[in-house]
Every structure is written in structure tokens, then in C-alpha cells.
Amino acid sequence: MQMNKRADSSVSLHPLIADRWSPRAYDESATMSGEDLTAIFEAARWAPSAFNAQPWKFILGLRGDENFKLITSFLVPFNQEWASRASALVLTNVIGFREDGTENQTAMYDTGLAVSLMTVEANHRGYDVHQMSGFDHAAAKAKFPLGAGIEPVTCIAIGKRTSPDSLSEEIKARELAPRTRKALSEIVNITW
């Protein structure tokens, strides 16, 4: 049984937004084509960024390669259990300083935009994406030394969704839980 969780929104949204959610049940036999991977990272490359700084750097691991094993190794155990079945894992890093050495105040925001566009492109190509904050940041930095001012922010699992029956009971319960969000009135003062 593969499930969908369409957003319960106050108005109709584009299907790529309405149908997007962060599953944990991935088909461990699914692979990703080079064209799909390229498109996903091209989407990130073309994300808006202040002064066109593009303050992000991604490390890609494909299931079975050394980067995938390294990224899996520093995930918290809960995330290791399900993310190791994804087709790809990506370590997202933010570059906190501009080329002139000044702090880039919008680096995290811009990197989030890049990841958001990656997510939309991946969904458009039939893949699901789950972003994780549950990993050892110091271990990630040690295993992938990227230099001063570059910090790991998130890990991303990308793959093809499968039945939640493939998950342990604890993770399956989270997978089956309904999607929830704050009310629109809690995030914006709409007056029309």
C-alpha cells in the first residue's frame, strides 16, 4: 500500500505543493538516473540568492557508494533506520561568508530556497524528498572537511516511495499520521 497525503489547504494549490510530504518508506531497489540527478541539482543552482552568491554546497551519496555510507553513519539511529533505503542522500552545507569575507546574512535563507527548488524538481520527476536535522553536525564536518565558514545544515533523502509496511512499527506510526500545519491566520494577517 503506497499512500498519499494531499494537503488540506484553504484554496487549491499546485499538485507539486499539495501532494508534497516527507515520507520515510523508500523502495531500496529504486535507482536514480543521471539526468534526474542533474535536473534536481540544476534546480538548486537556479534558485534565487542575494547578490547571486549561491551560498550552498551539496555532497551527494548514491546508495552503495562511499559518500552514502558516510552520510548514513552520522545520521541519528532513528533516521539511519529508514534513510538507508533511499536512492540518494545529500548533505546540505551553507557557505556563511561572501567572497569578500563579510558574513552573508541571508545564506541560510538562500540555501533553504535552493533545497526547496530541489524538492519541487525531485517531486516533478516522481521522487520523494525528506529533509532531516537529525544528524551529528560535528561528525559530518569531520568526514567532509569543506573549509572555514562552510557548515552542514541538513541531510536530505531522495527516492521512490513504497509501502509504509516496510517500516518498523514506531516509524510506520509516524508515516501514517495525518499531515498537520498551523492555521493560516497564525502565520500571516490576511485581511481580505
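Up top is the structure these notes are about.
Below, the structure is looked at part by part. (Residues numbered from 1 in each chain as written. Predicted model: local features only at pLDDT ≥ 70, side-chain atom pairs only at ≥ 80, totals over all residues. Heavy atoms only, no water.)

### Remarks on the sheet that holds strand β2 (residues 88-95)
Point 1. An order of β1-β2-β4-β3 is seen for the four strands of this open sheet, with the pairing classed as antiparallel. Each having just a single partner strand, β1 (56-62) and β3 (128-132) make up the two edges of the open sheet. Strand-to-strand twist in this sheet, taken as the mean axis angle between neighbours without regard to direction, amounts to 25°.
Point 2. Looking at chain direction, β2 and strand β4 (residues 150-159) are connected through eight bridges and run antiparallel. Opposite I95, over in β4, you have I150 as the bridge partner.
Point 3. Against the sheet, helix α2 (residues 34-45) engages β1 and β2, with an angle of about 165° to β1.
Point 4. Running over the sheet, helix α5 (residues 107-124) touches β1, β2, β3 and β4 and is turned about 155° from β2. (Pairing = 2+ DSSP bridges. Helix = DSSP H or I, 4+ residues; strand = E, 2+ residues; numbered from the N terminus. Axes fitted to C-alpha atoms, helices over the stretch in contact; angles between N-to-C directions. Contact = heavy atoms within 4.5 Å.)

### Observations concerning the environment of G149
Point 1. Within the element layout of this structure, G149 appears in the loop between α6 (137-143) and β4.
Point 2. It is 8.1 Å that separates the C-alpha atoms of G149 and V94, two residues lying 55 residues apart in sequence.

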